[in-house]
Amino acid sequence: MSVPVRPLVSSCARSVFLNGLLTVQRAQSLGFTFSLWPVLKSLYARRDERARAARAHLGYFSTHPYTVGVLLGVVAGLEEEKARGERSTEDVLAARSAMAGPLAAIGEGFFWSTWLPFSLAVALVAAMVFPNRAGEAAALFLLLFNAPHLGARISGFYLGYRYKTQVVDKLALLRVQRAMVALTALGAALAAVRLAVGPAGVTLRPFLWAGVFWGFLRLGLRPSVLAAGTAAVCVVYSLAKAAL
Amino acid sequence: MTGLLSALLYGLLAIDHFAGGPFLLSRPLVLGALLGALWGRPAEGLALGLLGESLWVLVPPAGPAQWDTGLAVALACVWAFGWEGAQKAGTPRGAFLAVAFLTGIPFAVAAKRVDVWVRRNTRLFADYARAGFNHGVSGPFWNGLGMSIVLWGFKSLVVFFVAENLGGLVCGAVYPRLGGPVAEGLDQAWALWPALGAATLWHLFFGRLGKNWKSWFPTRGPA
């Protein structure tokens, strides 16, 4: 028994609603079960069988919303094997819980801490290079960020379904860590370019200020507090200058 | 009318933060650019958006566990562009933008409490959906998801309206009096904040590079 293409596509598309009914007690388990539902429906014709299969996935479950595709693919493949009697429910749940944490860590490290700031750095430079079409910087930011996000969902699902638990070896070949270092270095360089090039040409003064702010951030001050503090210091300085 | 459209736009896009993708539709950069275009001030909207995005790039759009950074920028846009009638003539523009930006932060942080409260109470929808799965049907999940999306959208609208009006009182009181050295200082701060945004990005990037400096060099793998 194998799952037709349509339920697999539907399952991958539904992963967008992973955070839909998130709760503290069970995190994303409902969204995950909902995403897996087309697969379960195609594997189990009887409602009670479907309910039993779904019930197994309703325990606590949490991962990154962008890397969930891999996990969904793996679980869909394992559910298929389970329906053929080659696997037990425990095998499926063990694979799911073993992979959820590492995939969440990859998603956090790559998407939130590397790709999002990198996309922002590109948008900053785009807004500088094309000042008259500045509004399109936001569109570029969205496109740039969401292209790999959607790619990770779709290709992750495909790889997970095809290679099942062996997908870990395939993901290791992607060298995500190296890519993150390269993107981080490039992002830092782009931010520097944005800072140095102003309307009046290349200036180094903003670097000095960025260095001062960077020092305060290293001390543990939050950017919001630092922004308010900068405003307060600037106002006091202006008042003092006016008084003198 | 534009204020109402701004609220609707924010309410619609905030659903992405709470119930969907997230596709980053409710990030400060996107909201700043859209609201700036809506109010006829695209460059200033983008500047507010880029500043908010740079400062809070490390706050992921991960639902009510994090405060909605997009709300701070959306409110700042409405106050900076919608209250132009109250703004004192001759005062540098950066001063008004700085006041609007600083006023938006506490409102957005306070709104997180409302988000947490709503999330606790949407457990009813989750229980309803879970009961459906226990009986072998997915219809209750669809219903629960639909109700949840409506609720989050409605919550975002209410929060926006309340914050817009309360903050509007603050900005409406401050703007006509804003001038002299205070306005000059705020304008200077507005000019300095992009450097703060870049420093925040560097802090993040260098922090990551510092942790992973060994991976800059090729290593010999296990035999």
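Residues numbered from 1 in each chain as written. Chains lettered and ligands numbered in written order. Predicted model: local features only at pLDDT ≥ 70, side-chain atom pairs only at ≥ 80, totals over all residues. Heavy atoms only, no water.

A. Layout of the overall build of chain A. Scanning chain A from terminus to terminus reveals 10 helices and 2 strands. In sequence order, chain A lays out its α and β elements as α-α-α-α-α-α-α-α-β-β-α-α. Relative to a compact globule of 244 residues, whose C-alpha radius of gyration would be 18 Å, chain A shows 24 Å and is clearly more extended. Considering only C-alpha atoms, chain A reaches an extent of 85 × 35 × 30 Å along its principal axes. (Helix = DSSP H or I, 4+ residues; strand = E, 2+ residues; numbered from the N terminus. Rg over C-alpha atoms; globule rule 2.2 N^0.38 Å.)

B. View of the nonpolar core. The biggest cluster of nonpolar side chains holds 95 residues, and the ones touching the most others in it are Leu 48, Trp 56, Phe 101 and Trp 193 of chain B. It is helix α8 (residues 180-211) of chain B that provides the largest number of residues to this core, a total of 14 residues. (Core = buried A, V, L, I, M, F, W, Y, C linked by side-chain atoms within 4.5 Å. Buried < 20%, exposed > 50% of the residue type's maximum accessible area, 1.4 Å probe, protein only.)

C. Structural view of the interface of chain A and chain B. With 77 residues of chain A at the contact, the number on the chain B side is 70 residues. Interface area lost by chain A to chain B is led by Leu 21, Phe 34 and Leu 120 of chain A, which between them contribute 9%. Taken together, chain A and chain B are joined by 0 salt bridges. Remark: the boundary between chain A and chain B carries 9 residue pairs in polar contact (both at pLDDT 80 or more). Elements represented by at least two residues in the side of chain A that touches chain B include exactly α2 (29-43), α3 (47-55), α5 (89-129), α6 (136-163), α8 (176-196), α9 (205-218) and α10 (223-243) of chain A. It is α10 of chain A that provides the largest number of residues to the side of chain A that touches chain B, a total of 13 residues. Considered class by class, the residues forming the side of chain A that touches chain B number 51 nonpolar, 18 polar and 8 charged. (Contact = heavy atoms within 4.5 Å. Buried area = accessible area lost by both parts, 1.4 Å probe. Salt bridge = Lys/Arg side-chain N within 4 Å of Asp/Glu carboxyl O. Polar contact = N/O pair within 3.5 Å; in protein donor to acceptor, adjacent residues only side chain to side chain. Nonpolar A, V, L, I, M, F, W, Y, C, P; charged D, E, K, R; others polar.)

D. Inspection of the state of the cysteines at higher detail. All names here are of chain B. Following the criterion strictly, the structure yields 0 disulfides over all chains and no others. Considering cysteine sulfurs only, Cys 171 is the nearest to Cys 77, which forms no disulfide, with 12 Å between them. Classification of Cys 77 by relative accessible area gives buried; the value is 0%. (Disulfide = S-S within 2.5 Å.)

E. Here's a closer look at the packing of aromatic side chains. For the structure on display, the rule yields 25 aromatic pairs over all chains. Plain terms: the ring middles of Phe 34 of chain A and Trp 142 of chain B are 4.9 Å apart, the flat faces sit at 90° to each other, and that makes the pair edge-to-face. A residue pair is termed interchain when its members come from two chains, as with Phe 34 of chain A in helix α2 and Trp 142 of chain B in helix α7 (residues 139-174). On the basis of relative accessible area, Phe 34 of chain A is assigned to the buried category, the value being 0%. A relative accessible area of 43% places Trp 142 of chain B in the partly exposed class. Measuring from centroid to centroid gives 6.0 Å for Phe 110 of chain A and Trp 115 of chain A, while their planes differ by 10°, and the two rings are stacked. What makes Phe 110 of chain A buried here is its relative accessible area of 15%. The class for Trp 115 of chain A is buried, based on a relative accessible area of 11%. Taken together, the ring pairs connect Tyr 66, Phe 110, Phe 111, Trp 112, Trp 115, Phe 118 and Phe 145 of chain A into an aromatic cluster. Seen from the ring of Tyr 161 of chain A, Lys 164 of chain A lies directly overhead, with NZ or CZ sitting 5.7 Å from the centre. Here the guanidinium or amino end of Lys 170 of chain A rests over the ring plane of Tyr 163 of chain A, the centre of that ring lying 4.8 Å away. (Phe/Tyr/Trp six-rings, centres within 6.5 Å; stacked < 30°, edge-to-face > 60°. Lys NZ or Arg CZ within 6 Å of the ring centre and 35° of its normal.)

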